[in-house]
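Observations on the three-dimensional arrangement
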Amino acid sequence: MLTSPNHLRILTVAWLASVVAVGFVSACGEADSTVAPSTPVSATRARAGHEHGAQGLASTAGSAKVERQLAQLRAITAPFHRFEAAAKAGWGTRITDCFSDPELGGMGYHYGNVDLIDGTVDPLAPELLLYEPMKNGRLRFVAVEYIVPFDAWQGSEPPQLFGLSFGRNEAFGLWVLHVWHFRNNPNGIFADWNPDVTCAHAAP
């Protein structure tokens, strides 16, 4: 258990270092700018099926309470369509290169607000923002990701938001939940990977 803000800060810095050190592994060994996290839990979940199943995801996303929360999330994060606004608001730390998988789709770049990685979850304060690189060189805001380090979570059950439990990312020691609130995802708004997202225009 963490007992101090300093301990949380140390854990956060260590996690960021682990992403930089081991996260940039190509999903298929191709020599391009498309990369994916080593042994990504999201790939495992996508191939095996989401813990809640497709019907569970659909019913959760369609509930009145969740729809209100998603509308609030869109309103709060709408200014971040301009990456400059996101960086100014605290989400300027680039956590990963552009993540994609040849079978599952993409996630894009992950930019984080380190101060929010504190062992708590707030639907209106996602720890990470996901951006897809565009042909014109700009970044398209597509999704958010909530993350909680395993060691920072004090609950006996996984964290929950929007009526769903977070998934486990064993590679990085994190509880994770994606929300594709600004980019349609054929796999569902809470899926990990989006088959319509690409890193084809990522900078080399």
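In short, a report on the structure. (Residues numbered from 1 in each chain as written. Predicted model: local features only at pLDDT ≥ 70, side-chain atom pairs only at ≥ 80, totals over all residues. Heavy atoms only, no water.)

1. A few points about the packing of aromatic side chains
Which entries qualify depends on this criterion: Put simply, two rings from Phe, Tyr or Trp (the six-membered ring, in Trp's case) pair if the centres are within 6.5 Å, and we call them stacked under 30 degrees between planes, edge-to-face over 60, tilted for the rest. Working rule: Lys NZ or Arg CZ, within 6 Å of ring centre, within 35 degrees of ring normal, means a charge sits over the ring.
A full pass over the atoms with the stated rule returns 10 aromatic pairs. Ring-pair connections join several aromatic residues into one group, and the members of that group are Phe83, Tyr109, Tyr111, Tyr131, Phe141 and Phe182. Over the ring of Phe150 we find Arg168, and its NZ or CZ is 4.2 Å from the ring centre. For Arg168, the ring lying beneath its charged end belongs to Trp175, and the centroid distance is 5.0 Å.

2. Description of the nonpolar core
Put simply, the test is: Residues enter a nonpolar core if they are buried and are Ala, Val, Leu, Ile, Met, Phe, Trp, Tyr or Cys, with the set joined through side-chain atoms within 4.5 Å. Burial here depends on accessible area, computed with a 1.4 Å probe over protein chains only, as a share of the maximum for the residue type. Under 20% is buried, over 50% is exposed, and the range in between is partly exposed. A helix here means a DSSP run of H or I that spans at least four residues, while a strand means a run of E at least two residues long, and both kinds are numbered starting from the N terminus.
In terms of nonpolar packing, the biggest core is built from 42 residues, with Leu129, Tyr146, Phe162, Val179 and Phe190 touching the most fellow members. Going through the elements one at a time, helix 4 (64-77), strand 3 (105-112), strand 4 (128-133), strand 5 (139-149) and strand 9 (174-179) are the ones with two or more residues in this core. Of the residues forming this core, the biggest block, 7 residues, is contributed by strand 5.

3. Overview of helix 4
Definition in use: An expected span of 1.5 Å times one less than the residue number is assigned to each helix. It is the directions from the helix axis to the C-beta atoms whose arc is reported.
Over its 14 residues, helix 4 runs 20 Å from end to end, which matches the ideal 20 Å to within 8%, given 1.5 Å per residue. Where helix 4 is concerned, the buried positions are Val66, Gln69, Leu70, Leu73 and Thr77. Summarising the axial view, the buried residues of helix 4 lie within an arc of 100°, below the 170-degree limit, and thus occupy one face. Set apart from the buried face of helix 4 by more than 90 degrees, the exposed residues are Ala64, Arg68 and Ala75.

4. Some words on the pairing of strand 3
Selection rule: Two strands are counted as paired when DSSP detects at least two bridges linking them.
Of all 8 residues in strand 3, 8 are buried; the element is thus mostly enclosed. Summarising the sheet, strand 1 (residues 93-94) and strand 3 pair through 2 bridges and their orientation is antiparallel. In the sheet register, Arg94 faces strand 3, and the bridge partner there is Tyr111. The sheet contact formed by strand 2 (residues 99-101) and strand 3 spans 3 bridges and is antiparallel. Looking at the pairing, Phe99 lines up with Gly108 of strand 3. Between strand 2 and the antiparallel strand that follows it, strand 3, lie 3 residues.

5. Remarks on the environment of Asn113
How we decide: Note on contacts: a residue pair is in contact if any heavy atoms of the two residues lie within 4.5 Å.
Mapping Asn113 onto the fold places it in the loop between strand 3 and strand 4. Owing to a relative accessible area of 10%, Asn113 belongs among the buried residues under this scheme. Linking Asn113 and Arg94, residues 19 residues apart in sequence, is a C-alpha distance of 9.3 Å. If near-sequence neighbours (up to four positions away) are discounted, Asn113 is found in contact with Ala89, Gly90, Trp91 and Glu127.

6. Here we look at the pattern of salt bridges
The condition that has to hold: Take a side-chain nitrogen of Lys or Arg and a carboxyl oxygen of Asp or Glu: if they are within 4 Å of each other, that pair is a salt bridge.
Under the counting rule described, the total for this entry stands at 3 salt bridges. Between Glu132 and Arg183 there is a salt bridge, and its shortest N-O distance comes to 3.2 Å. Within this pair, whereas Glu132 is found in strand 4, its partner Arg183 is found in the segment after strand 9, the two being separated by 51 residues in sequence. Here the two residues Glu132 and Arg183 agree in accessibility, since each one is buried. Note that Arg168 and Glu170 form a salt bridge whose closest N and O atoms lie 2.6 Å from each other. Assessed through its relative accessible area of 33%, Arg168 is described here as partly exposed.

7. Description of the state of the cysteines
A covalent bond between the sulfur atoms of two cysteines is what we call a disulfide. Keep this limit in mind: Two cysteine sulfurs form what is called a disulfide whenever their separation falls within 2.5 Å.
Evaluated as defined, the whole model comprises 1 disulfide. Note that Cys98 is cross-linked by a disulfide to Cys199, the S-S spacing being 2.0 Å. Around the S-S axis, the bridge from Cys98 to Cys199 shows a dihedral of about -85° and counts as left-handed. On the criterion of sequence distance, the pair formed by Cys98 in the loop between strand 1 and strand 2 and Cys199 in the segment after strand 9 is long-range, its members being 101 residues apart. Judged by its relative accessible area of 1%, Cys199 is buried.

Keep in mind these numbers describe shape, not what the thing actually does.
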